[in-house]
Amino acid sequence: MSAERILVRGTPVQAGVIGAYLASRWLAAGRALELAIDPEDNTAAPFVTRPSIHRLHGEIGLPTDQLFARCGGSPVLAAEAQTADGSSVQLPFSAFGVPRGGLEFHQYWLRASRLSEQADLTEFSLSLALQNAAHKPPLAQLAQLPVEFGIAFDRAAYGNALLSFAKAGGASVVESGNEQEQDADLVIQCSPDAGAPKWHGQELTIALESDIPGLEWHHLSSAARRFASLAAPLSNCAPEQAEWTRLAVAENERVADMRELLSINDPLASSRPALQRKAEVFVACGRIPTEDYEVFTPPEWLAALWARGVRPRRSDRMAERLPDAQLLDWLDQLRGQIASLTRQVQAA
Amino acid sequence: MTEQQIKRVVIAGGGTAGWMTAAALAKMLMPAGVSVTLVESEAIGTVGVGEATIPPITKFNTQLGIDEHTFVRETQATFKLGIEFADWGGLGERYFHPFGRYGFDLEGVEFHQYWSRLKSLGDEHGLADYSLNTLAAYAGKFLRPELDHGAVIGQLGYAYHFDAGLYAAFLRRFAEGLGVTRIEGRIEEVEQDSASGLITALSLDHDRRIEGDLFIDCTGFRGLLIDGAMGSAHKDWSHWLPCNRAVAVACEKQGDPLPYTRSTAREAGWQWRIPLQHRTGNGYVYCDEHLSAEQAEETLLGSLDGAPVSSPNHLRFRTGHREEFWVGNCVAIGLSSGFLEPLESTSIHLIHMGIAKLVSLFPRSTDAPVERAEYNRLMTDDFTHVRDFLILHYKATKRDDSPFWDYVREMDIPDSLAGKLELLKSQGRFFKYDAELFDVTSWLAVAEGQGWGPQGFNPIASGLSEANLKRSLSNMRASYAKAAQVMPTHQAYIDRFCKAAPISFATEPA
Ligand SMILES: Cc1cc2nc3c(=O)[nH]c(=O)nc-3n(C[C@H](O)[C@H](O)[C@H](O)COP(=O)(O)OP(=O)(O)OC[C@H]3O[C@@H](n4cnc5c(N)ncnc54)[C@H](O)[C@@H]3O)c2cc1C
């Protein structure tokens, strides 16, 4: 009998992500990993991953390009989320425009828009231009461009591919109901209904949220990665359990901030201190303060604040170092470059 | 007084903090229409210490466009690859805190996990064998890593040791060249608007008055503006870091300068040794509850490499920071904002952080409550992270040879540190806060060096077969040893690129 045994419960894609990672990074002699699959995954939506997918695939040796081809992959340069008023907002994974002299692009945009009317800030995002183009560029071409991207997969196909990978790595895969729960040292539960993530006693619960595309992927992959990097003997791991839970809860707080930003009318009046601070500092000077363990990148926060109508009162003083005419020229050129790059990519 | 546009910045004080701030604001904000004036008093002088730095200073210089070799030459600087700690974990022990990382990660698993596994198999090679910084430092070598030097030499991290007085003078020339106005004079009064409490002007001797919109308090421990005028309280951390005094003295150098700082634990504190091109800086940081100033001076003078070239400078300090670093239209940077003993050479770095945050949150008008709150929050975090790392040095000790060491060994530590240490000790797990200065290399160096290193390893590191593990780590050791061997000596590097003009101490004021 194995000295340590982990049982993972979830849909194919959920157990697949955890299983593939643990099979590669945790499984070893004296250890067993069983994946109990709930085949009833009625979710029709594709499984959207964030840019961290490239690192994760690299870490465990999964061939991204092959999976992309086999599992109906499509690049994702921005996640699309719904706001309270029913509209949708695109959260790009890469910066708007390009930074200059250590200052973010939107500070220059703010200043330019006071000098003369400017196209909306979103027009300066290469990520959004490519995301909204009729045809997405192939992976190899995207990798050459200055943009971060995730991949949307066909949920069932990607789940099955990951399960096969886990199996090849030594995990056993059974249908839910046929698992051997009694001798598991740890049960990892992928649960969309769990309130909060927690590793306590012999149960580790990953609280899955899927209202923002890519979140489900994020929760699964970071839970697995964090577990593997903390993994201690399962019979004696109280500090590791506490640390796993602390980090996962901290990340969930940042997600809750984003969810609230998308859903309340006045982010400045939010009762969530970190969100309120983000909104206030942004209004005061156009900076977006980050907290420890952020999930969303600064461009995503910028897009969300922007979409909710939060606007800085002023631009950064350093944006004034550029003479007016030079600033306006630069913005024109940038827009032109984004348009021509998007055209080129379409034509290729 | 109504809300006022910020066009005129007045910096009070011309020590390291004042001139670093002046140089940075001149570079970043003068082109945007902000004027910078600095007031200092030669009669009052500067604290005269603060000569060892950490690697981010190289970024500060680069951002300013300062040529490194010119800077090294003009400040009698040497290069610093890390800090040697002697007698900290126990009497007779020593270890090195390197500025470059340990080893290479393999298969996405952190190097130190493999090292721990190899150790568990009975291998006796220490972390130092996988650190180019440590090997080069002990061999007296230095080379500035360039892009084409490859991955091993590319790991070398470095900072500087410099003459504090020459550094302030260097930055002064630089800042004045960019258009900063310097005013020599003694600040006698800080004028405030009676309604808003905002500072309106500094009154100087000889009936002079300097008006401004934003005032930076760089007046050192005095905190003339932030404490005196704005009344920002001091948050005291002396129960965790009880040293509260120092005595400093420079001595003649003996032989070539070593490319590292040495910190030797003493009966009631510790002693620094900072090698410069023209002299060696020394000091004893201690707790006056356990040692008198005379005893400290005697210990210091009795353990110098060469004859003293200055008279001992006795200093008092309080460990902690301002509750608010930015109040109204006054921002405290440098010693006026708080102080953490120089065990890891972090004060100049905290000045750098204060400046960077001020530039990034630079207000348009005097009414900037949000920018102010954010600045205060971020600086508090920076001080707290550094504090925890410093406490580790005292807590992780076996020393029981004096009441001072008994106190620090037994003291309670902040929860933030306790949690981190538990994880680090169990299996080398380390999760850094996003804005934390010291990374896993630093924590590991000190914890392992003082006997609190990882007792186990992450099972992920079992992925490599024992034979492969041994081969990989042996190859790594060989690469580091070879790289250290081919590097030029520190002195040869200085001679070739940045040798300073000799200084005669006969002409230096005592
Ligand atoms: C013992 C010790 C060792 C240290 N070692 C290190 C180290 O190795 N590394 C490190 O990074 N840091 C170190 N530090 C900290 C470092 O010395 C300071 O951070 C740095 O020198 C900045 O000091 P400052 O400019 O804030 O203050 P100061 O150097 O004290 O400058 C204050 C300025 O204000 C002016 N001033 C004051 N009052 C008036 C007035 N009324 N009118 C006009 N001008 C006035 C003075 O003339 C002076 O120009 C050490 C500190 C101590 C105490």
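Residues numbered from 1 in each chain as written. Chains lettered and ligands numbered in written order. Predicted model: local features only at pLDDT ≥ 70, side-chain atom pairs only at ≥ 80, totals over all residues. Heavy atoms only, no water.

Draft legend 1. Focus on the site of the ligand. Residues and elements named next belong to chain B. In the region of the ligand, 35 residues are neighbours, and Gly14, Ala52, Ile187, Leu335 and Ile348 sit closest. With respect to the ligand, the backbone of Gly14 contributes an N or O atom lying 2.8 Å from an oxygen atom. Within the complex, 98% of the 1000 Å² of free accessible area of the ligand lies under protein. Across the shell around the ligand, the residue classes tally to 17 nonpolar, 14 polar and 4 charged. (Near = heavy atom within 4 Å. Polar contact = N/O pair within 3.5 Å; in protein donor to acceptor, adjacent residues only side chain to side chain. Areas by Shrake-Rupley, 256 points an atom, 1.4 Å probe, with all protein chains shown as cover. Nonpolar A, V, L, I, M, F, W, Y, C, P; charged D, E, K, R; others polar.)

Draft legend 2. Summary view of the domain arrangement of chain B. Residue and element names in this part refer to chain B. For chain B, the assigned domains are domain 1 (8-51 + 163-233 + 319-385) and domain 2 (104-154 + 387-492). Once you take the C-alpha centre of each, domain 1 and domain 2 turn out to be 36 Å apart. In this complex, domain 1 contributes 10 residues to the contact, which on the side of domain 2 involves 12 residues. Taken together, both faces of the contact between domain 1 and domain 2 bury some 1000 Å²; the carbon and sulfur share is 65%. Remark: the boundary between domain 1 and domain 2 carries 0 salt bridges. Here domain 1 and domain 2 share 8 residue pairs in polar contact (both at pLDDT 80 or more) between them. (Domains from an automatic or database assignment. Contact = heavy atoms within 4.5 Å. Buried area = accessible area lost by both parts, 1.4 Å probe. Salt bridge = Lys/Arg side-chain N within 4 Å of Asp/Glu carboxyl O.)

Draft legend 3. Looking closely at the packing of helix H2 (residues 53-60) of chain A against helix H8 (residues 215-230) of chain A. All names here are of chain A. At a closest axis distance of 11 Å, the pairing of H2 and H8 adopts a crossing angle of 35 degrees. Remark: the crossing between H2 and H8 carries left-handed chirality. Within the contact between the two elements, H2 uses Ile53, Arg55, Leu56 and Glu59 and H8 uses Trp217, Ser221 and Arg225. Here the residues of the contact of H2 with H8 are counted per class, giving 3 nonpolar, 1 polar and 3 charged. (Axes fitted to C-alpha atoms, helices over the stretch in contact; angles between N-to-C directions. Helix = DSSP H or I, 4+ residues; strand = E, 2+ residues; numbered from the N terminus. Left-handed = near helix turned anticlockwise from the far one by under 90°.)

Draft legend 4. Representation of the sheet that holds strand S13 (residues 245-251) of chain B in the model. Residue and element names in this part refer to chain B. Ordered by their spatial adjacency, 7 strands build an open sheet running S5-S4-S14-S15-S16-S13-S17, and the pairing between neighbours is mixed. Strand pairing shows two members of the sheet lacking a second neighbour, strand S5 (94-98) and strand S17 (313-316), which therefore form its edges. Taking the axes of each pair of neighbouring strands and ignoring which way they run, one obtains an average angle of 20 degrees across the sheet. Note that strand S4 (residues 82-86) and strand S14 (residues 261-266) share 4 bridges and pair parallel. Its bridge partner being in S14, Glu84 is matched across the sheet by Arg262. (Pairing = 2+ DSSP bridges.)

Draft legend 5. Looking closely at the nonpolar core. Ranked by size, the top nonpolar core spans 253 residues in total, and within it Phe227 of chain A together with Tyr394 of chain B carry the most contacts. Apart from residues no more than four positions distant in its own chain, Phe227 of chain A is found in contact with Ile6, Leu22, Trp26, Leu186, Trp199, Leu204, Leu234 and Trp244 of chain A. (Core = buried A, V, L, I, M, F, W, Y, C linked by side-chain atoms within 4.5 Å. Buried < 20%, exposed > 50% of the residue type's maximum accessible area, 1.4 Å probe, protein only.)

Draft legend 6. Layout of H8 of chain A. In this model, H8 of chain A (16 residues) spans 22 Å end to end at C-alpha, consistent with the 22 Å of a helix rising 1.5 Å per residue. Within H8 of chain A, 15 of the 16 residues are buried, leaving the element largely enclosed by the surrounding structure. (Expected span 1.5 Å × (residues − 1).)

Draft legend 7. Spotlight on the environment of Gln271 of chain B. Residues and elements named next belong to chain B. On the secondary structure map, Gln271 appears in strand S15 (residues 269-275). For Gln271, a relative accessible area of 5% gives the class buried. For the pair formed by Gln271 and Leu343, sequence separation is 72 residues and the distance between their alpha carbons is 9.2 Å. A polar atom in the side chain of Gln271 sits 3.0 Å from the side chain of Ser303.

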